[in-house]
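# A look at the structure
Next come the chains, spelled out residue by residue.
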Amino acid sequence: MSVIAAIQETPLDPRDELGALLGQARGDGAAVSFVGVARLVSRDGDPIDRLILEHHPTLTRRSLEGIANAAARRFEVSHVRVVHRCGEIPAGDPIVFAGAAWARRRAAFDAADYLMDRLKTEAVLWKREEGPAGSAWIEPREADYHERGRWG
Amino acid sequence: MKIRFHGRLADALGRELDIDLQAPCTIGRLRQRIAASFPLAAGLLGDHRVRACVRDRLVADDHRVAISDAVEFLPPVSGG
């Protein structure tokens, strides 16, 4: 089993991350991945130039590791890989890669779903969208907390 | 005592604040004291989702901080 959880200021290439997951999971029957991308338009319909993701020097990494390890334990998947961006992210660029692999697909799907529900509400990061209309902090919506609540 | 703020709290209160604390107190009392000094940020600080962090550990409002502690306040987090 392997669990990877990383935070990086450099651009994230989902193809590289999926390649790394598949390399780790060689022999497994299923690999499921999710890629989160910085939106081009805000919830209010305003164009966005960039997303700023502030992180904490210690708590951010610890939160990512905790979530990734919890997914591996809960779904008994063989491999979990979470890589999150921080810093300044141009609109349209990837923010996060979350993937899981196992012998069969169901646990891998569930693990990826669980990873994202927890990352959305518990990863220690603060998001700010910037565009011509100004800047706005983005916090989880009620729906995000509700989806997190599905897992107990 | 050094207080650090993150995210939208830093916009409202600045990144760092020095408070002259004469005796240990709880996190809840500290919130009240900062809110009294910065009434415009009282609503933000009072959000139950705002967590306090001491020595890299999240702590509850009844946690007592020493004069020598540094305290961080974390607004609601969101990744993904």
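Just above, that's the structure.
Residues numbered from 1 in each chain as written. Chains lettered and ligands numbered in written order. Predicted model: local features only at pLDDT ≥ 70, side-chain atom pairs only at ≥ 80, totals over all residues. Heavy atoms only, no water.

## Side note on empty space enclosed by the protein
For the structure shown, the criterion picks out 1 cavity of 30 Å³ or more. Approximately 40 Å³ is the volume attributed to the largest cavity. Taken together, A:Trp126, A:Lys127, A:Trp137, A:Ile138, A:Glu139, B:Gly7, B:Arg8, B:Pro75 and B:Pro76 form the lining of the largest cavity. Contributions of two or more residues to the lining of the largest cavity are made by β7 (125-131) and β8 (134-138) of chain A together with α1 (7-13) of chain B. (1 Å grid on protein atoms, 1.4 Å probe; cavity = no way out; pocket = protein on both sides within 12 Å on 5 of 7 lines; lining within 4 Å. Points joined across faces, edges and corners; volume = space filled by probe spheres on them. Helix = DSSP H or I, 4+ residues; strand = E, 2+ residues; numbered from the N terminus.)

## Comments concerning the packing of aromatic side chains
Residue and element names in this part refer to chain A. Across all of its chains, the model carries 4 aromatic pairs over all chains by this definition. Consider the rings of Tyr114 and Trp151, whose centres lie 5.5 Å apart with planes at 85°: the pair is edge-to-face. On the criterion of sequence distance, the pair formed by Tyr114 in helix α3 (residues 105-122) and Trp151 in the segment after α4 (142-149) is long-range, its members being 37 residues apart. Trp151 carries the same exposure label as Tyr114, and that label is buried. An aromatic cluster is built from Phe75, Tyr114 and Trp151, whose rings are joined through pairwise contacts. When the ring centre of Trp137 is taken as origin, the NZ or CZ atom of Arg128, which lies over that ring, is 5.1 Å away. (Phe/Tyr/Trp six-rings, centres within 6.5 Å; stacked < 30°, edge-to-face > 60°. Buried < 20%, exposed > 50% of the residue type's maximum accessible area, 1.4 Å probe, protein only. Lys NZ or Arg CZ within 6 Å of the ring centre and 35° of its normal.)

## Structural notes on unusual backbone geometry
Even without a glycine there, the phi angle at A:Glu76 is positive, about 55°. Inspection of the secondary structure assignment puts A:Glu76 in the loop between α2 (59-75) and β4 (79-85). Taking the relative accessible area as the measure of exposure, A:Glu76 reaches 59% and is therefore exposed. At B:Arg55, a residue that is not glycine, the phi angle is positive and equals roughly 50°. Tracing the chain through its elements places B:Arg55 in the loop between β4 (51-54) and β5 (57-59).

## What to know about the interface of chain A and chain B
Counting from both sides, the interface comprises 24 residues of chain A and, opposite them, 18 residues of chain B. Roughly 1800 Å² is buried in total at the junction of chain A and chain B, and carbon and sulfur atoms are behind 48% of that figure. Counting across the interface, chain A meets chain B through 3 salt bridges. Across the pair B:Arg49 and A:Glu139 runs a salt bridge whose closest N-O atoms are separated by 3.1 Å. Counting the contacts that link chain A with chain B gives 16 residue pairs in polar contact (both at pLDDT 80 or more). Put simply, the parts of the chain that give the side of chain A that touches chain B at least two residues each are β3 (50-55), α2, β6 (94-102), α3, β7 and β8 of chain A. Class assignment for the residues of the side of chain A that touches chain B results in 14 nonpolar, 4 polar and 6 charged. (Contact = heavy atoms within 4.5 Å. Buried area = accessible area lost by both parts, 1.4 Å probe. Salt bridge = Lys/Arg side-chain N within 4 Å of Asp/Glu carboxyl O. Polar contact = N/O pair within 3.5 Å; in protein donor to acceptor, adjacent residues only side chain to side chain. Nonpolar A, V, L, I, M, F, W, Y, C, P; charged D, E, K, R; others polar.)

## What about α3(A)?
Residue and element names in this part refer to chain A. For α3, spanning 18 residues, the distance from its first C-alpha to its last is 25 Å, which sits close to the expected 26 Å at 1.5 Å a residue. Burial in α3 covers these residues: Ala107, Ala108, Ala111, Ala112, Tyr114, Leu115, Met116, Asp117, Arg118, Leu119 and Thr121. On its buried face, α3 is in contact with β2 (30-37), α2, β4, β6 and α4. (Expected span 1.5 Å × (residues − 1).)

## Describing the sheet that holds strand β1 (residues 2-5) of chain B
Backbone hydrogen bonds hold the strands of a sheet together, and the pairing may be parallel or antiparallel. Residues and elements named next belong to chain B. With respect to topology, 5 strands assemble into an open sheet ordered β2-β1-β7-β4-β5, the strand pairing being mixed. The open sheet has two edge strands, β2 (16-18) and β5, and neither has a second partner. Strand after strand, the sheet turns through a mean of 30° between neighbouring axes, direction not considered. Alignment of β1 against strand β7 (residues 71-74), held across 3 bridges, turns out to be parallel. (Pairing = 2+ DSSP bridges. Axes fitted to C-alpha atoms, helices over the stretch in contact; angles between N-to-C directions.)

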